[in-house]
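# Coordinate inspection notes
Chain by chain, the residues:
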Amino acid sequence: MLSQVQSQRIESAVAEAESGTSSEIVVCIVPSSGDDRGTAAIVAALVFVLIVLGGPELKWGINPLIWAGIAIGAAIVAFALCDYFDLGLRCLPPHWVVKDARRAARAAFLDHGLDNTPERNAILLFVSRAERYVEILPDRAAAAAIKPEAWAAIVDEFRQNMRKADLSEAVAGAVSKIGTACAAHFPASGVNPDQVSNQPIQA
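Everything quoted here is computed from the prediction, not taken from an experiment.

### Re the packing of aromatic side chains
Per the stated rule, a full pass over the model turns up 1 aromatic pair. Residues Phe126 and Tyr133 carry aromatic rings whose centres are separated by 6.5 Å and whose planes lie at 65° to one another, so their mutual orientation is edge-to-face. The class of Phe126 is buried, set by a relative accessible area of 1%. Judged by relative accessible area, Tyr133 falls into the buried class, the value being 10%.

Following this line, the structure appears as C-alpha cells:
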C-alpha cells in the first residue's frame, strides 16, 4: 500500500500533468495482479502430509496427535511465508505472470470507465508490484495519435527510476512524461473538466 505522502505526491503529479491536456491520466498500483495462494496452499498441504506421515517414523515417542498439531502449525507457517514473499508468482512461468498482469490492467481500465471519456484519450499507468509489471494503456484516440514506442520509452525510464528512487517519485516522473506526450496531441482547451479522480487506484 502507498503511504499518504506517496499517494498525495502521485495525485499532485496527475493534476499537474492534466492541466496541459484534455486527456485523463489515471494511475493504478496493485500489490499483485494474480493470486498465487493456490501455490501456497499446495506447499502447506505438502508440509502437513510430510510431517504427519514422516513424524511418527522418527520414533521420538511423541504422540501422533501432537505430531498432527505440529503439522498444522508448520503448514500455517509455510502458507504464510509463501503468501508473504509471493513465492507462487516467482515459481510460475514468466509468460503466465505477464498474462495475468495484462488481464488485470485491462480490467482496471474498463472498471474505472476509462473507455468512456468524450475524446477517447484516457491513459492508464498500471503497476503491479509483485510481478514488477508496468504498462501504459491508452484509449483509442490516444493509441492512434501516439506511437507505441513513446509509451515503451516512458515505461523503460520508469523502470530505471524505480531502481534509484521512491515509487511515488518514479510514478510522478512517468505521469509527467505521459502528460507531455498527451499535451502535444490533445492540448487543454478553455474548459478542461477533471472527469476521473486524480487519486491513485489501489486494489
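### Considerations on the pairing of strand 3 (residues 133-138)
Side-chain positions along a regular strand alternate between the two faces of the sheet. In terms of residue burial, strand 3 counts as a mostly covered element, since 5 of its 6 residues are buried. The sheet contact formed by strand 2 (residues 123-128) and strand 3 spans 6 bridges and is antiparallel. Residue pairing in the sheet places Val127 in a bridge with Val134 of strand 3. In this antiparallel pair of consecutive strands, strand 2 and strand 3, the connection spans 4 residues, and Arg132 shows a positive phi of 55°.

### Considering the pairing of strand 1 (residues 25-30)
Most of strand 1 sits inside the fold, with 6 of its 6 residues counted as buried. Residues of strand 1 alternate between two faces, with Ile25, Val27 and Ile29 on one and Val26, Cys28 and Val30 on the opposite face, all of them buried. Two strands pair when backbone bridges link them, and strand 1 and strand 2 are joined in this way by 6 bridges, in the parallel orientation. Bridge assignment links Cys28 to a residue of strand 2, and that residue is Phe126. Here 2 bridges tie strand 1 to strand 4 (residues 201-202), and the two strands are oriented parallel to one another. Within the sheet, the bridge partner assigned to Ile29 lies in strand 4 and is Gln202.

Cut-offs and rules
Residues numbered from 1 in each chain as written. Predicted model: local features only at pLDDT ≥ 70, side-chain atom pairs only at ≥ 80, totals over all residues. Heavy atoms only, no water. Phe/Tyr/Trp six-rings, centres within 6.5 Å; stacked < 30°, edge-to-face > 60°. Buried < 20%, exposed > 50% of the residue type's maximum accessible area, 1.4 Å probe, protein only. Helix = DSSP H or I, 4+ residues; strand = E, 2+ residues; numbered from the N terminus. Pairing = 2+ DSSP bridges.

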